[in-house]
Amino acid sequence: MFDFLARNFSSLFSCFSRKGPLSEDQARTFGDTVQQALLDADVPLTVAKGFVQDVSLDLVGSMPPKSVDSQEYYMKIVYDRLVAFLGGVEGVSDPLLKPGVFVMLGLQGSGKTTTIAKLAVSIHKRSPGARILFASVDFQRPAAIDQLRILAERVDCFFYQASSPDVLQAVAEILSVKDAQGYDYLFLDTAGRLHVDDRLLAELAAVVALVKAPSRLLVLDAMTGQESLNVARLFDERVGFDGAILSKADSDARGGAAFSFRYALKKPVFFVGTGEGVADLERFYPDRMASRILGLGDIATLVERANEKLKKEEDERMLRALKTGNFTLDDFLRQIDMMNKMGSLGSLLKYLPGAMQFKISPEQVAQGEFEMARFKAIIQSMTKKERLMPDLVSGSRKRRIARGAGVEVAVVTQMMQRFEEGRRLFKQLGGGKGLFR
Ligand SMILES: Nc1nc2c(ncn2[C@@H]2O[C@H](COP(=O)(O)OP(=O)(O)O)[C@@H](O)[C@H]2O)c(=O)[nH]1
Ligand SMILES: [Mg+2]
């Protein structure tokens, strides 16, 4: 979803020259380019204009110090604006931290029921012992209730089917069950319509009014683009909600809704749904999203994904190694395995700085995966000592390793060079005086 914005934004760097202050022409070109990029991404005109105005004011009103690279200086200003626009760094409270009653709101098919399971999985990850109850008052479609029952079983949660056919009585019944049985969390699934209508909104308002201190989560389908902002406005006026979850961010939606949500609704986006599976949910962090949109990469999310899939100590070692640039061929090998565990190279690329700018083709990705497999074979043919002290690898050792891995000697040489480059690169990323640290 954000790839679209990223593609258009990553070329913005070239609007700024490396030296000296921004000229009026450059500022105008920049503003026009940004506005067009936003409109192309399905951002409403008023929002696009608002953003361009804000960021232009910041750009024109500031002067890069002599000692710094102007391009970096101005991009940092754009980055800061973008973060603020998307919700700021402090605006990312986690609604799931506190137990309570969560009412899911949204149109039919937006992803409410699926999202309940995803949220439960994310609670269980943090507090495995949490007792979570699912219940539904989506009486429009009996299949919708079965769907929730099945999901509850799959993600180890409790399910309660109210006996009353009346929505409000059912809610009262569910709430008393929650209190009597001492559940920590209750997720209340509600009915949606294909379009917002009066009766639906009135019913939802009445449901919400029955719950003490409810957390009201609006689930919006990112694929519906700008229309989702109108839906959100209506729900806000008639029912009220605390924040949104954007589902189907994995689709080829152009990201305009996600970009505009905070600005248009003055409420946070808590999560984005990234697939149909129960684990496909990510927190929405404005700063990480801004990095991704600007093609600066999202190292934090990348590392988090690694965290989840790797044993803890291995992982801490790796982070230290990455940060200090102090890693050996053994680490390199582990890194290749780590990448394999996290997903294909292609799926990882969008998190890496600059990947967007270089427009990596599927052939290049395939080539990269082939090389990783070859590198792995080479490292595996080395002795422990050689892996720790790569400088030892020369002449006859190289020939032995090449034979062991079934490659030409030149490939071994090439890999050693890449390793050195990688070591330097990670040092810059992790420990160096990068722009965004
Ligand atoms: N690709 C994708 N599909 C999703 C996502 N969230 C929900 N869906 C799918 O959207 C459809 C409707 O979801 P559902 O939870 O039943 O919506 P509800 O009517 O609002 O309860 C289902 O086929 C889900 O699998 C998501 O983040 N990505
Ligand atoms: Mg449903």
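Residues numbered from 1 in each chain as written. Chains lettered and ligands numbered in written order. Predicted model: local features only at pLDDT ≥ 70, side-chain atom pairs only at ≥ 80, totals over all residues.

Draft legend 1. View of the overall build of the protein chain. The helix and strand inventory of the protein chain stands at 20 helices and eight strands. Relative to its 437 residues, the protein chain shows a buried fraction of 35%. For the protein chain, restricting intrachain contacts to residue pairs at least 6 apart in sequence, the fraction spanning at least 24 positions comes to 73%. (Helix = DSSP H or I, 4+ residues; strand = E, 2+ residues; numbered from the N terminus. Buried ≥ 20, exposed ≤ 12 C-beta atoms within 10 Å, placed from the backbone. Contact = placed C-beta atoms within 7 Å.)

Draft legend 2. Fine view of the packing of helix α5 (residues 112–126) against helix α6 (residues 142–154). Here α5 crosses α6 at 15 degrees, and the two axes come no closer than 10 Å. In terms of orientation, α5 and α6 fall into the roughly parallel class. Here α5 runs over α6; the crossing is right-handed. Side by side, α5 and α6 meet where Thr113, Ile116 and Ala117 of the first sit next to Ala144, Gln147, Leu148, Leu151 and Arg154 of the second. Taken together, the residues of the contact of α5 with α6 sort by class into five nonpolar, two polar and one charged. (Axes fitted to C-alpha atoms, helices over the stretch in contact; angles between N-to-C directions. Parallel < 35°, antiparallel > 145°, perpendicular 65-115°, else oblique. Left-handed = near helix turned anticlockwise from the far one by under 90°. Nonpolar A, V, L, I, M, F, W, Y, C, P; charged D, E, K, R; others polar.)

Draft legend 3. Highlighting the site of ligand 1. Surveying the vicinity of ligand 1 reveals 18 residues, the closest of which are Gly111, Lys112, Thr113, Thr114 and Gly273. In terms of residue count, α5 provides more of the shell around ligand 1 than any other element does, three residues in total. A breakdown of the residues in the shell around ligand 1 according to their chemical character gives no nonpolar, 13 polar and five charged. (Near = placed C-beta within 6 Å.)

Draft legend 4. The sheet that holds strand β2 (residues 132–136), seen in detail. Strand order in the open sheet formed by eight strands is β3-β2-β4-β1-β5-β6-β7-β8, with mixed pairing between adjacent strands. Looking at strand neighbours, the two that pair on one side only are β3 (158–160) and β8 (281–283), the edges of this open sheet. Neighbour-to-neighbour, the strand axes of the sheet open up by a mean angle of 25 degrees, direction not taken into account. Sheet topology note: the strand β1 (residues 100–105)/strand β5 (residues 215–221) ladder contains four bridges and is parallel. Bridging across to β5, Leu105 finds its partner in Leu218. (Pairing = 2+ DSSP bridges.)

Draft legend 5. Looking closely at the pairing of strand β6 (residues 243–247). Among the five residues in β6, five count as buried, and that is most of the element. Judged by which residues are buried, β6 turns out to be covered on both faces: Gly243, Ile245 and Ser247 on one side and Ala244 and Leu246 on the other are all buried. Summarising the sheet, β5 and β6 pair through five bridges and their orientation is parallel. Counted as the bridge partner of Leu217 is Gly243 from β6. Since β5 and β6 lie parallel, the crossover through helix α9 (residues 227–238) that links them has a hand, and here it is right-handed. Across three bridges, β6 lies against strand β7 (residues 269–273) in parallel orientation. Paired with Ile245 across the bridge in β7 is Phe271. Following the chain from β6 across helix α10 (residues 256–265) to the adjacent parallel β7, one finds a crossover that is right-handed. (Right-handed = clockwise from strand over helix to strand, strands pointing away.)

Draft legend 6. Main features of the pairing of β7. Among the five residues of β7, five are classified as buried, and the element is accordingly described as predominantly covered. Relative to β8, β7 is paired through three bridges, and the arrangement is antiparallel. From the neighbouring strand, Val272 faces β8, where its bridge partner is Glu282.

Draft legend 7. Molecular detail of unusual backbone geometry. One non-glycine residue, Lys248, lies in the positive phi region at around 65 degrees. With respect to the secondary-structure elements, Lys248 resides in the loop between β6 and α10. Note on Lys248: 24 C-beta atoms within 10 Å, which makes it buried.

Draft legend 8. The arrangement of the packing of helix α4 (residues 70–85) against helix α11 (residues 286–293) in detail. Running from N to C, α4 and α11 point in directions that differ by 135 degrees, and their axes come no closer than 8 Å. Viewed along their axes, α4 and α11 adopt a mutual orientation that is oblique. Read as a crossing pair, α4 and α11 show a hand that is right-handed. Of the residues in α11, those in contact with Tyr79, Leu82 and Val83 of α4 are Pro286, Asp287, Ala290 and Ile293. When the residues that make up the contact of α4 with α11 are grouped by side-chain class, the tally is six nonpolar, no polar and one charged.

Draft legend 9. Local environment of the environment of Ala213. Within the element layout of this structure, Ala213 appears in the loop between α8 (198–210) and β5. Its 7 C-beta neighbours within 10 Å are what place Ala213 among the exposed residues.

Draft legend 10. Just the nonpolar core, in detail. Leu105, Phe187, Leu188 and Leu246 are the most contacted members of the largest nonpolar core, which has 93 residues in total. The two domains that each donate at least three residues to this core are domain 1 (3–85) and domain 2 (100–293). Aside from chain neighbours lying at most four places away, what touches Leu246 is Leu220, Ala222, Ala257, Ala258, Val269, Val272 and Gly273. (Core = buried A, V, L, I, M, F, W, Y, C linked by C-beta atoms within 7 Å. Domains from an automatic or database assignment.)

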